[in-house]
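Read off the chains here:
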Amino acid sequence: MMNIKSVPFAPLIAAMAALFFVPSPSLAQEAAWAPLITELKEKYPDLAARRKLAKSIGAAAGAKMAWDDPMIELGLMDAPVDGFALDREEMTRKTIGVTQNIPSYGKRLSARNLARAEEKMAEVDAGVMTAELVAELKKSVYELAYAHKALGTLKETDVILEEFVLVANAKYSAGKGLQTDVIKAQVERTRLSEKRLILAEQAGLAKVMINRLLGRDEAADFAVPPELLTAPEALDFEKSWVAASQNSPLLKLAGVNVDRARSMLEKEKAEKGLDMSFMAEYAQREDSPMERPDLFSVKASISVPLWSSIKQDKYIAGAQLGVEEALDRKNDMEKRLRAELMKSALSAKKEADVIKLFRTAILPQATQAFQSAMAAYQQDKVEFLTLLENERMLLEYELELEEAVMRLRSLCADAEAMTGAATTAGGKNE
């Protein structure tokens, strides 16, 4: 019979705590994440669609500098309606001409710059989505790891409860215990079965999410490499904010939105530019008894923004307000991002303190209380219900520790998405 006192709770607790209290993510951890992040970037359909959108906008940007297509005109001028004899009237002629409209250079240049700003915005938008998806991938992996770890803890506890049943049966057979103690131990084992079902479902859902993000079959198995679970220390707010101010996808998106608004303003100002149009025409006349020469005509025209005060100027005023709106949104994004990072740092510190408290105080004390209750029960000094209660508390504390580790890892994944660190392991985001 297994000696319950020898169940290695303390080493197990120390191992779980040591898993968390390690230095910041190593190069080995980044290397472990890199193929998964690369796979996500290549296989996630919506992300690929956004990258293609950016490329399509960029491909069309160069065309904005081109002139309008020329117009070719064919005509019959001044033909008499009574018989349409082309040699009767001196002014009758058949014409062919070409007209070329040339938008002002400023209009074409501003249109190209606006297209490039929209291309950049689409690229950065894809970067924002990449950061969010990488964070979601990491959190799903951490959740899967938590479920597997918790299932392992339940398995260890089930071994102990099985020993409880044997001890309670032995005491009942010897006339020193109650049959209800055996039933209580069996009920407790059944309660663990319910927890296992919940954790198994959690693991299955996390696996489905991971496979969806990686473009794999939803039912495919996924084993969590140990290198992915090296947890960082609690977040440093100031360092996170410095990183975010330099590389945050959200701030980049707000910045390119300002650039796009400014490009739109320049485009509206360029609408006052002078467009030009050139036309050349050749006219053929039919010879009559008198020989008549063919004719050639050319002309040029230029647009005059005569109504700019009630037309273009209104558009310019609206575009200027668009720039101000974009600047306000950027300022708001900076404040919101700073607040979110502060909240994440505070939450991460709390989780780190909770884990430390479990490691240094709660779990050692709970383990000692459980072992004391087991020894006292074997000596008939406490009731079986007291023993079960101590076992239940120890199990809950172990699960709470594992859940705190998962929460801290998830907070760090969200912080990486906000600071822009989430996408670096997989190479440059295109």
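In what follows, the structure referred to is the one given above.
A few points on the structure.

**Looking at the sheet that holds strand E2 (residues 93–102)**
Okay, so step 1: The strand order across the open sheet formed by four strands is E1-E2-E3-E4, and the pairing between neighbours is antiparallel. Bordering the open sheet on either side are strand E1 (71–77) and strand E4 (295–302), each of which pairs with just one other strand. Each adjacent strand pair in this sheet contributes to an overall mean axis angle of 20 degrees, direction not counted.
Okay, so step 2: Here nine bridges tie E2 to strand E3 (residues 276–284), and the two strands are oriented antiparallel to one another. Within the sheet, the bridge partner assigned to Ile-102 lies in E3 and is Met-276.

**A few points about the packing of aromatic side chains**
Okay, so step 1: By the definition in use, this model includes two aromatic pairs.
Okay, so step 2: The residue whose ring lies beneath Lys-138 is Trp-33, and the NZ or CZ to ring-centre distance is 5.2 Å.

**Section: the nonpolar core**
Okay, so step 1: Within the largest apolar cluster, 63 residues are counted, with the highest numbers of intra-cluster contacts made by Trp-33, Leu-137, Val-141, Phe-164, Phe-222, Phe-384 and Leu-387.
Okay, so step 2: Of all the elements in the fold, those that place two or more residues in this core are helix H2 (27–43), helix H4 (105–173), helix H5 (179–213), helix H8 (312–378) and helix H9 (384–419).
Okay, so step 3: No other element matches the 19 residues that H4 contributes to this core.
Okay, so step 4: Not counting residues up to four positions away in its chain, the partners in contact with Phe-222 are Leu-36, Val-141, Leu-144, Lys-207, Ile-210, Leu-214 and Arg-216.
Okay, so step 5: In this structure, Phe-237, Leu-251, Met-333 and Ala-345 belong to the second largest nonpolar core, which totals 10 residues.

**A look at the packing of H8 against H9**
Okay, so step 1: One way to put it is that H8 packs onto H9 with a least axis distance of 8 Å and a crossing angle of 160 degrees. In terms of their interaxial angle, H8 and H9 are classed as roughly antiparallel. Considering the relative orientation of H8 and H9, their crossing is left-handed.
Okay, so step 2: A per-class count over the contact of H8 with H9 returns 25 nonpolar, five polar and six charged.

**Thoughts on a negative patch on the surface**
Okay, so step 1: Where like charges cluster on the molecular surface, the negative patch consists of Asp-87, Asp-287, Glu-291 and Asp-294.
Okay, so step 2: Note on placement: Asp-294 falls in the loop between E3 and E4.
Okay, so step 3: Classification of Asp-294 as partly exposed rests on a relative accessible area of 32%.

**Topic: the side chain of Ser-248**
Okay, so step 1: Mapped onto the secondary structure, Ser-248 falls in the loop between helix H6 (237–247) and helix H7 (249–270).
Okay, so step 2: Judged by relative accessible area, Ser-248 falls into the buried class, the value being 1%.
Okay, so step 3: In terms of polar contacts, Ser-248 uses its side chain to reach the backbone carbonyl oxygen of Met-418, at 2.8 Å.
Okay, so step 4: Ignoring anything within four residues of it in the chain, the contact list for Ser-248 reads Ala-243, Leu-337, Met-418, Thr-419 and Gly-420.

Parameters at a glance
Residues numbered from 1 in each chain as written. Predicted model: local features only at pLDDT ≥ 70, side-chain atom pairs only at ≥ 80, totals over all residues. Heavy atoms only, no water. Pairing = 2+ DSSP bridges. Helix = DSSP H or I, 4+ residues; strand = E, 2+ residues; numbered from the N terminus. Axes fitted to C-alpha atoms, helices over the stretch in contact; angles between N-to-C directions. Phe/Tyr/Trp six-rings, centres within 6.5 Å; stacked < 30°, edge-to-face > 60°. Lys NZ or Arg CZ within 6 Å of the ring centre and 35° of its normal. Core = buried A, V, L, I, M, F, W, Y, C linked by side-chain atoms within 4.5 Å. Buried < 20%, exposed > 50% of the residue type's maximum accessible area, 1.4 Å probe, protein only. Contact = heavy atoms within 4.5 Å. Parallel < 35°, antiparallel > 145°, perpendicular 65-115°, else oblique. Left-handed = near helix turned anticlockwise from the far one by under 90°. Nonpolar A, V, L, I, M, F, W, Y, C, P; charged D, E, K, R; others polar. Patch = residues over 30% accessible without salt bridge, like charges linked within 9 Å, V, L, I, M, F, W, Y side chains within 5 Å. Areas by Shrake-Rupley, 256 points an atom, 1.4 Å probe, with all protein chains shown as cover. Salt bridge = Lys/Arg side-chain N within 4 Å of Asp/Glu carboxyl O. Lys, Arg positive; Asp, Glu negative; His and termini not counted. Charge placed at Lys NZ, Arg CZ, Asp CG, Glu CD. Polar contact = N/O pair within 3.5 Å; in protein donor to acceptor, adjacent residues only side chain to side chain.

Interpretation in functional terms is not warranted from these geometric data alone.
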